[in-house]
Amino acid sequence: MTIATEVSDDVSPVQRHECVCCTLPLGRRRPQLVDGGDELFVCDLCWRLAGGREAIEARAAGEQPVPLLELDPAAEAVLAAAEYDQLHPLDRLLTQAGVRWAVLRFIVPTARVDLASKVLTRVAPEWTRPAESPYVWLDVVADRIRACTGTEFKRNAKRRRFWRIARVYAVCADRSGRPLTWVTQDDIAAAVGCSTRTVRRCLSWLQQEGLLWELVPGCRLPMMERPEGETPEERDERRQRLAAAIAAEEAARERARVELEHVRKGASGRAARALAQRDAGEIPRIDIPSTSTQPDQEQDAERPLVNLCPVYELRVPLTAAERREADELAQAHRPVLTAGEQLLERFRRHQVHPRNAEVQVEVAGGVFGVTEAGLLRWLGWQDLLPWRSGASLQGIVGMLRTDAVDESPQLTALIEDFVHPPQVSLVDQEKSNYVRGVDNRRAPRGSDKKGLSSIENGPELPAEAKTQGSATDARRKRPSRAQRAAERLLRGLLRPEVSDGVSIRWLTARLRGSKLLDYGWTEQDLADQIHGLLEYRHLPRHIHNSRAWISARLAKATPELPPSKQQAIRAVEVAAADERRAARETAALRERREEIAARRAAIDACDLCDELGWLPVPDGVPVPKCNHDPDTGGW
């Protein structure tokens, strides 16, 4: 066992990963202790608890099989007794995001899931990293303020005020873990001596510069009646409050009965109420304490919601060297795509989902399978039989529709064995409705004497001409309009989650039964109606019964109003509403200006008041507004 070349301990924060000991996102890449071994990511605390570089290298150089990271038993006991190790991973995520467990334990689980989803979807500002400490972050903020002097900060008062607000964020930051800070805007305004509007402007500037990242949004979440991990003291207190509330309710009922008896005896309402209070006594008032992020703030008697302050992470922009290092790391860890995967990425809009492969085979006769080498292989019904039984197709990384070759001639050279199956596109089908076959052969002898009936049924007709059939038979074999619409819908207009398990024959029957095509509906109108474009913003992720969905959507359609017309009507209504709103705003502004002009003219024409409309009065008398009436002297 040999020790590899030593790596410097000064690693950029962009390379931090999860620590192998405490599982916190504070690990840094350590020296590769053994040749050919895995990379080791340990945070600074666990690295020092294990003895540092000398102790770990001594263990790695020894022949006895001992763990490289052997922590102190007292430190292991502290880590085992840590509160976050006993929490659910979702609760641990929220506590590490700055939500205190003393507050989180009162929030209902469904609200925790929604809050965790919001936290996970938050994306940090690009080219920034968490600050090493609040003091380092405050220095970066000061440098940024100096750099913006003259553009953003044209006055020294604004520069000083923004720096004081940033200092409050730094002072209130957590120093035990991530550089997170949570403090209300009212507290910041009271500490700095400004308004909350100024705090919001400073917060917006810090977020715009990438110095603050809102990790947890400020919100109000429903509270549980029994907090998670309820202690015996809390249980006894809750039971006492419940017993007191029941006693208060019983006392109120008793007082109501006594008051009703006095009313029946002839006393008035107020007298009966006073006698009832004297006999039954006052009802005790029950104060139910609430949970909030500010325990010192006075709360209401009942608080069904929990208030959460927004949590911000202190971040600093990356330097030029760190950005180059991040680019190199991203380039090194970028996955290498095969030729087939690159081809699928290039022709993404022509990809076929495996669930729709059978539909494509039924419509177009087959699909093109993309191999790892970037070649196209024709897959028919027999080729998809192993996939239907649950086995994977050997060497196939994806599938493309047949029309991809028509739109991109470059794909023709990638087809294996240069075999292109016969294809019939919708253009050819539409063309066949108008083109009729013409028999250009020589007419048989005697056709001018026997007439048309003898030509159709006589023995003089050649054998190959007899087998062709009449024009009526050809018209019957031609696909109907409903069938062509069904093929077009299943070929590319319908989404995979809607067309799963739907055949052309079944969809043709539904379209023919709905009679929507007789009202001039197009294939795009049918697709929009099935997708619910005007009613649903997004389709469900999984539709259990696609046929029932399509039947319900077609039955709900209004034949006289296809989706295209409804969209046009809606656009006209929105434009008319905008015009009416603009007209109302213009009229209100005009009335306001006329009122101001009338007041100004009355003030200018009045000799009793000053230029602002106030009457001159002696000191100590409230200044009145002038009514511009000379008979009353303006009073």
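In case you missed it, the structure is sitting above this.
Residues numbered from 1 in each chain as written. Predicted model: local features only at pLDDT ≥ 70, side-chain atom pairs only at ≥ 80, totals over all residues. Heavy atoms only, no water.

> For this particular structure, what's the right way to read helix α7 (residues 134-147)?
Working note: α-helix, 3.6 residues per turn, so residues spaced by three or four point in the same direction. Along its 14 residues, α7 runs 20 Å from first to last C-alpha, staying within 8% of the 20 Å computed at 1.5 Å per residue. Looking at the buried residues of α7, the elements they touch are α8 (156-171), α10 (196-208), β5 (212-216) and β8 (311-317). (Helix = DSSP H or I, 4+ residues; strand = E, 2+ residues; numbered from the N terminus. Expected span 1.5 Å × (residues − 1). Contact = heavy atoms within 4.5 Å.)

> Can you walk me through the nonpolar core in this structure?
In globular proteins that are soluble, nonpolar side chains generally tend to be buried together. Trp-137, Ile-165, Tyr-169, Ile-188, Leu-206 and Leu-212 are the most contacted members of the largest nonpolar core, which has 29 residues in total. No other element matches the 6 residues that α8 contributes to this core. Counting 26 residues, the second largest nonpolar core, distinct from the first, contains Leu-493, Leu-507, Ile-530 and Trp-549. (Core = buried A, V, L, I, M, F, W, Y, C linked by side-chain atoms within 4.5 Å. Buried < 20%, exposed > 50% of the residue type's maximum accessible area, 1.4 Å probe, protein only.)

> Explain the packing of aromatic side chains here, please?
Here the distance between the centres and the angle between the planes together describe a pair of aromatic rings. With the rule as written, the count across this model stands at 5 aromatic pairs. Centroid distance Phe-153 to Phe-162: 5.4 Å. Interplanar angle 85°. Geometry classified as edge-to-face. The two residues Phe-153 and Phe-162 agree in class, both being buried. Seen in terms of ring centroids, Phe-368 and Trp-378 are 5.4 Å apart; in terms of plane orientation they differ by 75°. Their pairing is edge-to-face. Of this pair, Phe-368 sits in strand β9 (residues 367-371) while Trp-378 is found in strand β10 (residues 376-379), placing the two residues 10 residues apart along the sequence. When its relative accessible area of 0% is taken as the criterion, Phe-368 is described as buried. (Phe/Tyr/Trp six-rings, centres within 6.5 Å; stacked < 30°, edge-to-face > 60°.)

> Could you clarify how one ought to interpret a positive patch on the surface in this entry?
On the surface, Arg-160, Arg-161, Arg-164, Arg-197, Arg-200 and Arg-201 cluster together into a patch of positive charge. Listing elements by their share of the positive patch, those giving two or more residues are α8 and α10. Along the chain, the position of Arg-201 falls in helix α10. On the basis of relative accessible area, Arg-201 is assigned to the partly exposed category, the value being 43%. (Patch = residues over 30% accessible without salt bridge, like charges linked within 9 Å, V, L, I, M, F, W, Y side chains within 5 Å. Areas by Shrake-Rupley, 256 points an atom, 1.4 Å probe, with all protein chains shown as cover. Salt bridge = Lys/Arg side-chain N within 4 Å of Asp/Glu carboxyl O. Lys, Arg positive; Asp, Glu negative; His and termini not counted. Charge placed at Lys NZ, Arg CZ, Asp CG, Glu CD.)

Everything listed here is a matter of coordinates, which is why it stays silent on function.
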